[in-house]
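Here is what each chain is made of, one letter per residue.
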Amino acid sequence: MKFNLFSRIVFVALLAFVVNSFVYFSFGNIYSSKILNYNGFTQQFNSGIYQYRILSGYFLIWIYEFLSSLNFDDQIFKLKFFDRDAEPKMYLSFYLLNTFFLVLSTVMLTLITESKTFIATQSEKILLTAVTVFVIAFSQFVIVPYDIPSYFFILVFFFFMIKYVEKNSNRNLIILVIILLISTFNRESSALSLSLAATFLYSKFGLKKETLLPVAVLGTAFVAVYFGMRIMNESFSTNDGNLLVQNFLEPKNILGLLFWAVFFVFTLLLAKNKKAVNHILVFHLLSVPYIAMCFYTGIIYEIRLYIPIFLISLSISRTELT
């Protein structure tokens, strides 16, 4: 049974909405219970590395203030929390923000699968998008405001990166720079967009100016925002402590490592051909700075850290550059 693009977009949007809604309203959250109130959230996300992830933080507070201005009984949702200080409206704010951007992300991924460079059957395209929805939803035992918006911006960058590889015009490069700037204001994982750009451009042009110039332009845009925010805050914090040893010794983090390995292999198994496999490997190699910071200062049990790499690798697996 064949569906047109509009029907597929409606389906994946509904799938994202339904799955994420069940995750938020059918399971109690233990891991992120301390930030499910306004004071707890602002205390954590206005300090350390979190203070530079400003875009989605503003979105969340705006939603929270909007919900607070409405005269409705949030008890209708029958929410139950593990922390007595948790606020239903803050939890609903997380839900609305992340569900909205998950829907947008799945729509964006659908558009990527419809590009002429993406080689897959209609059934494969739908299944790949469904896998993405479930993996992202599953990763939300850690609730934060910036992850899922970051996936959307990365997928938008992927979409226009394909267009730039097809026709490396100044207009397309400007669009990529704008996307990267916005994405970096949301989360520094936007650096993975640079790894993606370098992977595709090197594959097509090699070490020529067609590769080096756009990567330099994009890199400059990223660095400008990255360091600009730190100068404005008069702080140059890049991490919140060394967790490297714990990431290789604690059982939960070892389980996180297994997740990384399994889903890395998953994208390799889905790769269309040897060239796609090489693209995935090169992308991972160019993503080493991000991966190293995840192991150094992140908690590997928080599998959300690998999700942006997984999304890009999954999209690369069936992309054939022309």
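Up top you'll find the structure we're talking about.
We now turn to the structure provided with this report. (Residues numbered from 1 in each chain as written. Predicted model: local features only at pLDDT ≥ 70, side-chain atom pairs only at ≥ 80, totals over all residues. Heavy atoms only, no water.)

Thoughts on the overall build of the protein
Alright, step 1. Of the regular secondary structure elements, the protein holds 14 helices and 0 strands.
Alright, step 2. Moving toward the C terminus, one meets the helices and strands of the protein in the order α-α-α-α-α-α-α-α-α-α-α-α-α-α.
Alright, step 3. Taking 2.2 N^0.38 as the reference for a compact globule, 322 residues should give roughly 20 Å; the C-alpha atoms of the protein span a radius of gyration of 20 Å, in line with that estimate.
Alright, step 4. Burial analysis of the protein (322 residues in total) assigns 52% to the buried set.
Alright, step 5. Surface summary for the protein: the accessible area is close to 15500 Å², and the carbon and sulfur share equals 68%.
Alright, step 6. Between the centroid of the 24 positive side chains of the protein and the centroid of its 17 negative side chains there is a distance of 12 Å. (Helix = DSSP H or I, 4+ residues; strand = E, 2+ residues; numbered from the N terminus. Rg over C-alpha atoms; globule rule 2.2 N^0.38 Å. Buried < 20%, exposed > 50% of the residue type's maximum accessible area, 1.4 Å probe, protein only. Areas by Shrake-Rupley, 256 points an atom, 1.4 Å probe, with all protein chains shown as cover. Lys, Arg positive; Asp, Glu negative; His and termini not counted. Charge placed at Lys NZ, Arg CZ, Asp CG, Glu CD.)

What to know about the packing of aromatic side chains
Alright, step 1. Considering all chains together, one arrives at 30 aromatic pairs under this definition.
Alright, step 2. Taking the centre distance of 5.9 Å and the plane angle of 80° together, the rings of Phe41 and Phe94 count as edge-to-face. Within this pair, whereas Phe41 is found in helix α2 (residues 38-45), its partner Phe94 is found in helix α4 (residues 88-113), the two being separated by 53 residues in sequence. One exposure class covers both Phe41 and Phe94, and it is buried.
Alright, step 3. One aromatic cluster is present, built from ring pairs that chain together Tyr24, Phe25, Phe77, Phe81, Tyr91 and Tyr95.
Alright, step 4. Above the face of the Phe72 ring, Lys89 is positioned so that its terminal group lies 5.1 Å from the ring centre. (Phe/Tyr/Trp six-rings, centres within 6.5 Å; stacked < 30°, edge-to-face > 60°. Lys NZ or Arg CZ within 6 Å of the ring centre and 35° of its normal.)

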